[in-house]
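What the coordinates show
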Amino acid sequence: MTNKSINAPGAPGLSARWTSSAKEGIGKALSATSNVCFTLSHGILNEIYFPREDDACTRDMGLIVTDGKTFFSEEKRNTSHITSMLEEGIPAYHIMNGCKDGRYSIEKEVITDPCRNVVLQQIRFKPLIGKKKDYKLFALLAPHVGNSGGGNTAWIDEYKGIPMLFASRGGLTLAFACSVPWERRSVGFVGQSDGWNDLHKHKQMTWEYQCAENGNVALTGQIDLEAVNDTFLLAIGFGRNKEEAALHAWSSIISGFEETKKNYMDEWREWQKSITHTLSSKNAAGKLFRASAAILRMHEGKQFQGGMVASMSIPWGFDKGDNDIGGYHLVWPRDLVESSGGLLAIGAQENTLRILNYLIATQEADGSWPQNMWMEGKRHWKGIQMDEIALPILLIDLCKEKGVLKSSQLPWYWESVKRAAAFLIQNGPSSPQDRWEEESGLTPFTMATEISALLAAADFAERNNEHGIALYCRETADDWNERIEEWIYVTDTNLAKECWVEGYYIRINPYNNVAANDLHGMRMQVKNRPPGEGSVQINELVCPDALALVRFGLRAADDPRILNTIKVIDKMLKVDTPTGPCWHRYNEDGYGEEPDGGAYDGSGVGRAWPLLTGERAHYEIAAGHMQKARALVKTMESFAENGLISEQIWDKEDIPDKELYFGRPSGSAMPLVWAQAEYIKLCASLKLKEVFDMPEYTKSRYIDKNTKAKYKVWRFEQPYHVIEKGKILRIATRIPATIHWSLDNWETTEDIDTVDSGLGTFIADLPKMTKKGRVVFTFYWKKAKHWENKNFEVEVKGK
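Residues numbered from 1 in each chain as written. Predicted model: local features only at pLDDT ≥ 70, side-chain atom pairs only at ≥ 80, totals over all residues. Heavy atoms only, no water.

**Here's the deal with the overall build of the protein chain**
The test is simple: Only DSSP runs of H or I with at least four residues qualify as helices, and only runs of E with at least two residues qualify as strands; both kinds are numbered from the N terminus onward. Restricting the calculation to C-alpha atoms gives the radius of gyration, and the globule rule supplies 2.2 Å times the number of residues raised to the power 0.38. Residue contacts follow a heavy-atom distance rule, with two residues in contact if any of their heavy atoms lie within 4.5 Å. Accessibility throughout is a Shrake-Rupley quantity obtained with a 1.4 Å probe, and a residue counts as covered only by protein chains that appear here. Asp and Glu are treated as the negative residues and Lys and Arg as the positive ones, with His and the ends of the chain left uncounted. In this description, the location of a charge corresponds to atom NZ of lysine, CZ of arginine, CG of aspartate or CD of glutamate.
When you go through the protein chain residue by residue, the secondary structure sums to 19 helices and 34 strands. A globule of 799 residues ought to have a C-alpha radius of gyration of about 28 Å, and the protein chain, at 29 Å, matches this closely. Its C-alpha atoms give the protein chain principal-axis dimensions of roughly 105 × 55 × 50 Å. Looking at the protein chain alone, contacts between residues at least 24 apart form 68% of all its contacts between residues at least 6 apart. A total accessible area of about 29500 Å² is found for the protein chain, and carbon and sulfur atoms account for 49% of it. Charge centroids of the protein chain, computed over 95 positive and 106 negative side chains, lie 2 Å from each other.

Structure representation (structure tokens):
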């Protein structure tokens, strides 16, 4: 008996969840008249994004097949899937889903309409046992409009006499239309009155509810197989209201699939022709180049050009709800810069210039950038990361060196560089939070980016006749560079002895004024681990980030300290997969699945990252080991699924019931756009036989010329306790001051006023320290007109 009640029971339904992050495809038209993007997984549509790339509006949409009596088969769970691009580098997809019982097959082609806000599927249902009349076919759609599964309203209605299903929330509406009239339609609340439960229980539609208001809702439509000749179309259209969404959907169906597909693919063919394509070797390494280029291009915003989300996915989405609205579809300035380097490597200069302008437009008044943000620049997380302030400077500099920026444009960009450099000078090198959004402190990657950025800023300052600022940036960079080993290189530890090395670079030093070798016995609580279980000794945490010191040109690839660190990294972090090595981020990493393969829920075990295989390959290029680098390119390719590179791979024995297989993608983000960009840059680096994005100034200054620091910069945030004889003690403050100082315990004293550095600090240089002893000093604050009432000491040591 059919229930045709107006209102579906069971509001608001189960708590909403997202879906798998293990994407098999991403699609998006290049034209400005289409603002939808889609993702694919398990042979069906997943999240559809509208009207922008950070705004997911669906959970998934798939088919269910029954015989109306006893047989029930869900497309995403009960079929085997083969998903492929229709053409290399063109994100139009062919999907073949074969029933595991051998009773039917479903063949699809999926695109977006380049003229409308529509995701369009052409579908062929083929009985393999029996005839078409023996089956019933149903389409199920789970709306999550406006990044939320809760608070959605669904209903049945018509547009110009055409039967459709609708859902809306917060001023956005989607319309679900079929090229043949729906035989039946229903909306309901998930877990209570939705079509899946109806079909699973009854094997046919017995519920035909007309409205489900303000909850976690689902749309169900039965396709009239008798009316289907060979194929039929399903269209999901979007708009501000019912009429707009329905018009888009129905117009797309009327236009027909073949013509729409041709227009869609022609746009992509033209774009692929416009970029530089590279094979990294004669052995076909670089085969993911076109696909990776397309993935980068699709993650750039249309309404907010130059903004690029980190991934159109939600890691472990099947276990995440409305409290996890960001997923990875947010803009991280770090990922944006790293990804834009990939665009620069393919010659997509216009795209890169848009990113530069987006970065400048979203820069905060103090010169920083948010830790991550929505497309319009609104801050999401509240932290500040110093590498995310340094990297935009390096991107601007790289664009200058690669000819993207004209000389006449440089003064305008200098203002942004100057503000960012000022923030680095005032707050660096220690970061409130490190590269990976976890513990705060000094890390190799952050320091490498900061020092490189200050040298790049110095060049900009010179070009703009601000020679004092240029000198100050270089002197600060020299000081920080010379202190790298003091801060993050340890010797004679238990781990060093175990690895038969003298020492190694550690992952992080959370204490700004404590030397790395003084960290012995100090422990820290690693985030994502239960209290008491995640406490580890700081000087035994290692990370492949140490290779950033080579990647950014601060240390030579054959520096003994780098070689020592590589031995420790490989012992502690390397995983040998059937296709080659991959590396963990650091020992004791807690960001990944639980040991039993359960979804990461705030605690877990970090898995291996394909990105780090690419970064290791770049080290091998810097070291001149081209054959090793080519092998690592192929290893990185082997981790990809359908051209998509995941954030992490599973690194333990297979757990088939959780879809975890050794060396294959885990449940983290997929694709990770940064990883796709790293792959592209790696192909370009191999062709050039040098690291594509290594900064120009660092290698020249610190490796070729071995420049030493003349100054040691004392700040309240990072006070020196010891200075070598022959160095100049520079004291830096945030506000003007008079430095009252003595070399003989106040028997004689001198005063020196600070001067404005031009970058938000005030500095005073004491004379070069020519003999051993103690410098004692204090401060008189000019504006406040009072003394600090505390003495500070720096010991002068040396031969």
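**A short note on the environment of Glu107**
Just so we agree on the cut-off: Throughout, exposure labels follow a simple rule: accessible area from a 1.4 Å probe, protein chains only, divided by the maximum for the residue type, with under 20% read as buried, over 50% as exposed, and the rest as partly exposed. For this analysis, a polar contact is any N or O atom pair within 3.5 Å, provided that within protein one partner can donate a hydrogen and the other can accept it, and provided that sequence-adjacent residues contribute only side-chain to side-chain pairs.
With respect to the helices and strands, Glu107 occurs in strand 8 (residues 104-112). Classification of Glu107 as partly exposed rests on a relative accessible area of 24%. A distance of 2.7 Å separates a polar atom in the side chain of Glu107 from a polar atom in the side chain of His94.

**What to know about the pattern of salt bridges**
The criterion, for reference: What counts as a salt bridge is simple: a side-chain nitrogen of Lys or Arg found within 4 Å of a carboxyl oxygen of Asp or Glu.
Taken as a whole, this structure holds 57 salt bridges when the rule is applied. For Glu75, the salt bridge is made with Lys108, and the minimal N-O distance between the two is 2.8 Å. Of this pair, Glu75 sits in helix 1 (residues 75-78) while Lys108 sits in strand 8, placing them 33 residues apart in sequence. In this structure, Glu75 and Lys108 share a single accessibility class: buried.

**Concerning the packing of helix 10 (residues 444-463) against helix 19 (residues 696-704)**
How we decide: All axes are obtained by fitting lines to C-alpha atoms, using only the stretch in contact for helices, and the reported angles, taken between N-to-C directions, cover 0 to 180 degrees. Any angle that falls under 35 degrees is termed roughly parallel, while one over 145 is termed roughly antiparallel, one within 65 to 115 roughly perpendicular, and all others oblique. Classification used: nonpolar for Ala, Val, Leu, Ile, Met, Phe, Trp, Tyr, Cys and Pro, charged for Asp, Glu, Lys and Arg, polar for all others including Gly.
Packing of helix 10 against helix 19 brings their axes to within 8 Å, and their N-to-C directions diverge by 105°. One finds that helix 10 runs roughly perpendicular with respect to helix 19. Across from Ile451, Ser452, Leu455, Ala456 and Asp459 in helix 10, the residues of helix 19 making contact are Tyr697, Thr698, Arg701 and Tyr702. Class assignment for the residues of the contact of helix 10 with helix 19 results in five nonpolar, two polar and two charged.

**Re the packing of helix 8 (residues 387-401) against helix 10**
Each packed pair of helices is defined by two parameters, the angle between the axes and the distance between the axes. Quick reminder of the rule: In a left-handed crossing the near helix is turned counterclockwise from the far helix by less than a right angle, and in a right-handed crossing that turn is clockwise.
Look at helix 8 against helix 10: their axes get within 8 Å of each other, and the N-to-C directions meet at 50°. The angle between the axes of helix 8 and helix 10 places the two elements in the oblique class. When you trace helix 8 past helix 10, the crossing you get is left-handed. When helix 8 is examined against helix 10, the residues Asp387, Ala390, Leu391, Ile393, Leu394, Ile396, Asp397, Lys400 and Glu401 are found in contact with a partner set consisting of Phe445, Thr446, Thr449, Glu450, Ser452, Ala453, Ala456, Ala457, Asp459, Phe460 and Arg463. Here the contact of helix 8 with helix 10 is composed, by residue class, of ten nonpolar, three polar and seven charged.

**Quick look at the sheet that holds strand 31 (residues 762-768)**
Rules: Note on pairing: two strands pair once DSSP finds at least 2 bridges between them.
Within the open sheet, the four strands sit side by side as 25-27-31-30. Their pairing is mixed. Pairing within the sheet leaves two strands with one partner each, and these edge strands are strand 25 (711-714) and strand 30 (755-756). Pairing analysis gives four bridges linking strand 25 to strand 27 (residues 728-733), with the strands arranged parallel. Residue pairing in the sheet places Val713 in a bridge with Arg730 of strand 27. Packed onto the sheet, helix 11 (residues 467-482) meets strand 25, strand 27 and strand 31 and runs at close to 90° relative to strand 25.

**Brief notes about the packing of aromatic side chains**
For clarity, the cut-off: Only Phe, Tyr and Trp rings take part, Trp by its six-membered ring, and two of them pair if their centres are within 6.5 Å. Stacked means planes under 30 degrees apart, edge-to-face means over 60, and tilted covers everything else. Counting as a charge over the ring demands two things of the Lys NZ or Arg CZ atom: a distance within 6 Å of the ring centre and an angle within 35 degrees of the ring normal.
For the coordinates displayed, the defined rule picks out 29 aromatic pairs. Summarising the aromatic geometry, the rings of Trp412 and Tyr413 are spaced 5.1 Å apart at their centres and angled 90° between planes, so their arrangement reads as edge-to-face. Here Trp412 falls in the exposed class, since its relative accessible area comes to 54%. On the basis of relative accessibility, which here comes to 2%, the residue Tyr413 falls in the buried class. Clustering of aromatic rings is evident, with ring pairs tying together Trp714, Phe716, Phe777, Phe779, Trp781 and Phe792. One residue, Lys400, lies across the ring of Phe460, its end atom 5.4 Å from the ring centre.

**Some thoughts on unusual backbone geometry**
Where the residue is not glycine, phi is negative for most of them; where a peptide bond is considered, it is trans in most cases. Between Ala11 and Pro12 the backbone carries a cis peptide bond, its omega angle lying at 0°. Considering the arrangement of structural elements, one finds Pro12 in the segment before strand 1 (25-28). Geometrically, the link from Phe50 to Pro51 is a cis peptide bond, its omega value of 0° lying close to zero. Within the secondary structure, Pro51 is located in the loop between strand 3 (44-49) and strand 4 (58-66). The backbone phi angle of Glu659 is positive, close to 55°, even though this residue is not glycine. Mapped onto the elements, Glu659 comes out in the loop between helix 17 (626-638) and helix 18 (673-688).

**Things to note about helix 7 (residues 349-362)**
To be explicit about the condition: An expected span of 1.5 Å times one less than the residue number is assigned to each helix.
Here helix 7 spans 20 Å end to end across 14 residues, near enough to the 20 Å set by a 1.5 Å rise per residue. Every buried residue belonging to helix 7 is among Asn351, Thr352, Arg354, Ile355, Leu356, Tyr358, Leu359, Ile360 and Thr362, and all of these are buried. Where helix 7 is buried, its residues touch helix 4 (257-274), helix 5 (289-298), helix 6 (333-345), helix 8 and helix 9 (410-427).

**Examining the environment of Glu466**
Its place among the elements puts Glu466 in the loop between helix 10 and helix 11. Exposure remark for Glu466: the relative accessible area of 23% places this residue in the partly exposed category. Once the C-alpha coordinates of Glu466 and Gly758 are considered, the two residues, 292 residues apart in sequence, prove to be 9.1 Å apart. Leaving out residues up to four positions away in the same chain, Glu466 has contacts with Trp414, Lys418 and Ala461.

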